[in-house]
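What follows is each chain in one-letter form.
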Amino acid sequence: MTIDDVPLQEKRQPLPSPWRSVNFRLFFTARSASLLADGMLMVSLTTAVLGAGYGAGGVGYALAAWMAPIALLVLFGGVLADRFTPQVMMIGADVVRMLAMLVLAGLLVAGDVRLWQIMALMAVSGAATAMFQPGLASMVPQVAEDIQRGNALLRISEAMSALIGPGLAGLVVAYWDVAGSYLVIAAAYALSAVGLAPLRRLRTVRDEGDDPLLQRLRTGWHEFSSRPWLWGVIAIWAVYGLFVFGPAIPLGAALITEQHGSAGYGWIASADGAGTIVGGLLGMRVRPRRPLVAGACAMFCFALNPLAPALGWNFTATALTGVLAGCGFAFWGVMWATSVQSHVPLAVLSRVYAYDVAGSIMVIPLGRALSGPAADGFGADRVLLFSSVMGVVCIVAMLCVPAIRGLVREPAAATAVEGGGSGR
């Protein structure tokens, strides 16, 4: 009899709630603060660039200056996180991001800020984010025995931050000034660093070898490419990012605003955020034996996101599709993160996750850049309709891959880390 022949309830006892772990509560607080800062950043950046007189083009340059280092350096961030521990890299990244925001606030207070100065500071912040991001995956198994519930709680925090962050930035800008919003962002990054600092005591699995940097990258690539379910998802996800995520946000926002007004778009975006919270709550309760299959099936709901504005559905129907899309995306995120963290050794998890991040995000800017010319040539509604069809095709393709379809949950004992999730 193999382990898969044993009923799940006989294989393991219910795991304790992540909230019972002091380490998880610290990590959750730090992550929530960092996400809140990220949620505020886009509004603050746009306001600062436009207020300085550099127009929409300047906003695009500043965003590119922030995103380019993330795409270019995230793989190195994974190597360094495995070498020096995720905690050290994440704390250092938060300190760098805090200092960059403080300098930018100072420049805005002094007046006559230059676009190159904003771009340079955003590039520094993006480089720090590339050092921060890979360590997230390897932290969760160390602070939560119940990895899936930990991921679900973090997904809910992400949704709440996405809802609260832009509004908070708008309030600070309106009732204080844009420099003040950067001070709040800096304080949030500082809180993240403070929350992570006690976690340095965790008994982290480190890569103690003396291999050069490129060899460590090759090791990460080997671990990534040797798992067909892992690279299969990322390969399909890259296509999904190009044809679905890329056009859906800019063109969907434009069409929804045209159809339902700015207020309507705001409510529909909030409905998407509410759906994300629901998906996170479902991720806490539903434990499918084949998590990637369950998560992929939930992602069929996301195809409704570009479909509603493409077909000009009424406000209620469009808001409902936002709830379903957000729910499906969040549930997939929980299933995917839990699968990666359960099946990849901790010693190389940051490097593997870095390949995951790089493969997932690198094509999305290209998709967004191409969405405008495609909309001019074929019409925004037709481009979004194509995106919806491609969303379904990509998920069907994912379910047709045997390695993805066959991946099962690992027993809890296989993923527990000594001293990781039991800090009281």
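Model, not experiment: these values are computed from the prediction.

## A few points about the overall build of the protein chain
When you go through the protein chain residue by residue, the secondary structure sums to 18 helices and zero strands. A globule of 424 residues ought to have a C-alpha radius of gyration of about 22 Å, and the protein chain, at 21 Å, matches this closely. Principal-axis analysis of the C-alpha atoms gives the protein chain an extent of 65 × 45 × 40 Å. Scored against the burial criterion, the 424 residues of the protein chain give a buried share of 52%.

## Considering helix α15 (residues 364-378)
An ideal rise of 1.5 Å per residue puts 21 Å on 15 residues; α15 measures up with 20 Å between its terminal C-alpha atoms. Those residues of α15 lying buried are I364, G367, S371 and A375. Buried residues in α15 make contact with α10 (228-285), α14 (346-361) and α16 (380-400). In the stretch just after α15, G379 is the one whose phi turns positive, near 100°.

## A look at helix α4 (residues 86-110)
A rise of 1.5 Å per residue sets the reference length of α4, with its 25 residues, at 36 Å; its end C-alpha atoms lie 36 Å apart and thus fit the reference within 8%. Of the residues trailing α4, G111 is marked for its positive phi of about 90°.

## Re the domain arrangement of the protein chain
In terms of domains, the protein chain is made up of domain 1 (19-201) and domain 2 (221-406). Summarising the inter-unit geometry, the C-alpha centres of domain 1 and domain 2 are found 22 Å apart. Roughly 2600 Å² is buried in total at the junction of domain 1 and domain 2, and carbon and sulfur atoms are behind 70% of that figure. Counting the contacts that link domain 1 with domain 2 gives two salt bridges. With a closest N to O distance of 2.8 Å, D82 and R351 form a salt bridge. At the boundary of domain 1 with domain 2, the tally comes to nine residue pairs in polar contact (both at pLDDT 80 or more).

## Observations concerning the state of the cysteines
The full count for this structure, using the stated rule, is zero disulfides. With no disulfide partner, C301 has as its closest neighbouring cysteine sulfur the one in C327, 6.8 Å distant.

## Re the side chain of Q148
Structurally, Q148 is set in helix α7 (residues 147-175). Assessed through its relative accessible area of 2%, Q148 is described here as buried. The residues contacting Q148, other than those within four sequence positions of it, are G283, V286, R287, V334, M335, T338 and R409.

## Considering the environment of L384
Looking at where L384 falls in the secondary structure, it is placed in helix α16. Exposure remark for L384: the relative accessible area of 0% places this residue in the buried category. For L384 and A310, which are 74 residues apart along the polypeptide, the C-alpha to C-alpha distance reads 5.5 Å. When neighbours within four sequence positions are excluded, L384 is seen to be in contact with P247, A248, L251, G252, L255, P306, P309 and A310.

## Overview of the packing of aromatic side chains
In this structure the tally under the stated criterion is 17 aromatic pairs. Geometrically, the ring pair formed by W237 and Y240 is stacked, given 5.0 Å between the ring centres and 5° between the ring planes. In this pair, W237 and Y240 are both assigned in helix α10, three residues apart and thus about one turn of the helix distant. The exposure class assigned to W237 is buried, which follows from its relative accessible area of 8%. Pairing Y240 with F302 gives two aromatic rings, centres 6.4 Å apart and planes at 50°, and the pair type is tilted. Taken together, the residues Y240 in helix α10 and F302 in the loop between α11 (291-299) and α12 (304-311) connect sequence positions 62 residues apart. Across from the ring centre of F84, 5.3 Å away, lies the NZ or CZ of R83, which sits over that ring.

## A word on the nonpolar core
Counting residues in each nonpolar core, the largest one holds 74 residues, and the members touching the most others are F27, Y240, W332, W336 and M398. It is α10 that provides the largest number of residues to this core, a total of 11 residues. Here this core spans two domains, and each of domain 1 (19-201) and domain 2 (221-406) adds at least three residues to it. When near neighbours in sequence (up to four residues on either side) are disregarded, F27 contacts M90, L136, M139, V140, V143, L154, L196 and L199. Within the second largest apolar cluster, 28 residues are counted, among which are V49, A105, A186 and A188.

## Thoughts on the pattern of salt bridges
Side-chain pairs of opposite charge can arise where the charged atoms are in close proximity. This model, assessed by the stated rule, comprises seven salt bridges. The salt bridge partner of R155 is E158, with a shortest N-O separation of 3.7 Å. With R155 and E158 both in helix α7 and three residues apart, this pair spans about one turn of that helix. Residue classification places R155 among the buried residues on the basis of a relative accessible area of 16%. On the accessibility criterion, E158 (35% relative accessible area) is partly exposed.

## Regarding a nonpolar patch on the surface
A cluster of nonpolar side chains, contributed by V95, L99, L102, W176 and L183, occupies part of the molecular surface with about 450 Å² of accessible area. With three residues, the top contributor of residues to the nonpolar patch is α4.

Conventions and cut-offs
Residues numbered from 1 in each chain as written. Predicted model: local features only at pLDDT ≥ 70, side-chain atom pairs only at ≥ 80, totals over all residues. Heavy atoms only, no water. Helix = DSSP H or I, 4+ residues; strand = E, 2+ residues; numbered from the N terminus. Rg over C-alpha atoms; globule rule 2.2 N^0.38 Å. Buried < 20%, exposed > 50% of the residue type's maximum accessible area, 1.4 Å probe, protein only. Expected span 1.5 Å × (residues − 1). Contact = heavy atoms within 4.5 Å. Domains from an automatic or database assignment. Buried area = accessible area lost by both parts, 1.4 Å probe. Salt bridge = Lys/Arg side-chain N within 4 Å of Asp/Glu carboxyl O. Polar contact = N/O pair within 3.5 Å; in protein donor to acceptor, adjacent residues only side chain to side chain. Disulfide = S-S within 2.5 Å. Phe/Tyr/Trp six-rings, centres within 6.5 Å; stacked < 30°, edge-to-face > 60°. Lys NZ or Arg CZ within 6 Å of the ring centre and 35° of its normal. Core = buried A, V, L, I, M, F, W, Y, C linked by side-chain atoms within 4.5 Å. Patch = residues over 30% accessible without salt bridge, like charges linked within 9 Å, V, L, I, M, F, W, Y side chains within 5 Å. Areas by Shrake-Rupley, 256 points an atom, 1.4 Å probe, with all protein chains shown as cover.

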